[in-house]
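Breakdown of the fold
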Amino acid sequence: MNLAIDLGNTFAKTGLFEQGKLIESKGSFTYSELIGYVKGLKPTNIIISTVSYSEEQLSQDFSEANTKVFFLKNTTPVPITKLYDTPETLGADRIAAAIGARVIFPESNAMIIDLGTCITYDLVDTEDNFHGGIISPGVRMRFTAMNTFTKRLPLLEPEEVPAILGKSTKHAMQSGVMNGITAEINGFIEEYHKLLTKINVILCGGDATFFANRIKYPNFVIPELVLIGLNRILEYNVEQNK
């Protein structure tokens, strides 16, 4: 069994894979809960993607698991070509999501829209080329900015996408953020279709469900996309180290 770990600042998400198939996914582990889970599970191989913990600390904390641990870094071999001017700055989650898209849709180009703290739009083709993309402020970042940089606008939480014409300040703010992002997504999909044809649009990230039904193009919501990509990277590195 392989274990893929997407370790954030507060919580960790995990995916347990057997012969390339995702058999269990878990979310919202604290770091201490994650350590206990791994010790009890004892997987064959582990891959960890994180910007929050050092490799030294993780190696020490996972040593009792008695398993091979791989860390996803910008120097880690991956089964994809990065057509990116600054690959050392490329987020591990973006690469993992792109590789996850290649696993799920090996016969088609893919546009990956990850709706998290920031919204990333990335393009990967059938020849395993990662073309790069766009980074945009996410939902809560936009609400926070309006509250922070004004004196009277409240701090709001995202709700279902409202009517385009807001009839109150709250609804106008909600419309600006939620309908604004919807229009942004549709616009970027249209532009990406000019670059490559037959693109599958894949949504992931915590805010994906807010927008999936509002996008005018067919799309797939795959919450485990990054974990699937991490497992493929792990398989690739195990093969390389044989």
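That block above? That's the structure.
Nothing here was measured: the structure is a model prediction, and the numbers come from that model. (Residues numbered from 1 in each chain as written. Predicted model: local features only at pLDDT ≥ 70, side-chain atom pairs only at ≥ 80, totals over all residues. Heavy atoms only, no water.)

Concerning the environment of phenylalanine 17
For phenylalanine 17, the position within the fold is in strand E2 (residues 12–18). The sequence separation of phenylalanine 17 and leucine 227 amounts to 210 residues, and the corresponding C-alpha distance is 9.5 Å. Beyond its immediate chain neighbours, meaning those up to four positions away, phenylalanine 17 contacts Met1, Asn2, Ala4, Leu22, Ile23, Leu227, Ile228 and Asn231. (Helix = DSSP H or I, 4+ residues; strand = E, 2+ residues; numbered from the N terminus. Contact = heavy atoms within 4.5 Å.)

Brief notes about the environment of tyrosine 121
By the element assignment, tyrosine 121 lies in strand E8 (residues 118–124). Between the C-alpha atoms of tyrosine 121 and threonine 209, which are 88 residues apart in sequence, the distance is 16 Å. Not counting residues within four places of it along the chain, the set of residues in contact with tyrosine 121 comprises Met111, Ile112, Ile113, Gly132, Gly133, Ile134, Ser136, Glu184, Ile185, Phe188 and Tyr192. Engagement of the side chain of tyrosine 121 in a polar contact is seen with the side chain of glutamate 184, the distance being 2.5 Å. (Polar contact = N/O pair within 3.5 Å; in protein donor to acceptor, adjacent residues only side chain to side chain.)

Things to note about the sheet that holds E8
Strand order in the open sheet made by the six strands is E6-E9-E8-E7-E10-E11, with mixed pairing throughout. The open sheet has two edge strands, strand E6 (81–82) and strand E11 (219–221), and neither has a second partner. Of the strand pairs in this sheet, strand E10 (residues 199–204) and E11 are connected by three bridges, and their pairing is parallel. Within the sheet, the bridge partner assigned to isoleucine 202 lies in E11 and is phenylalanine 220. Along the sheet face, helix H3 (residues 92–104) touches E6, strand E7 (109–115), E8, strand E9 (129–137) and E10 and points at about 125° away from the line of E9. (Pairing = 2+ DSSP bridges. Axes fitted to C-alpha atoms, helices over the stretch in contact; angles between N-to-C directions.)

Topic: the environment of arginine 142
Residue position: arginine 142 is located in helix H4 (residues 139–148). Measuring from C-alpha to C-alpha, the distance between arginine 142 and asparagine 219 comes to 24 Å, with 77 residues separating the pair along the chain. Each residue touching arginine 142, except ones within four places of it in the same chain, is listed here: Ile119, Ser136, Pro137, Val177, Ile181 and Glu184.

Focus: the packing of H4 against helix H5 (residues 169–195)
Two numbers describe how H4 lies on H5: the axes approach to 10 Å, and their chain directions differ by 140°. Relative to H5, H4 is oriented oblique. Every pair of crossing elements has a handedness; the one defined by H4 and H5 is right-handed. Side by side, H4 and H5 meet where Val139, Arg142, Phe143 and Met146 of the first sit next to Met173, Gln174, Val177, Met178, Ile181 and Glu184 of the second. Here the residues of the contact of H4 with H5 are counted per class, giving seven nonpolar, one polar and two charged. (Parallel < 35°, antiparallel > 145°, perpendicular 65-115°, else oblique. Left-handed = near helix turned anticlockwise from the far one by under 90°. Nonpolar A, V, L, I, M, F, W, Y, C, P; charged D, E, K, R; others polar.)

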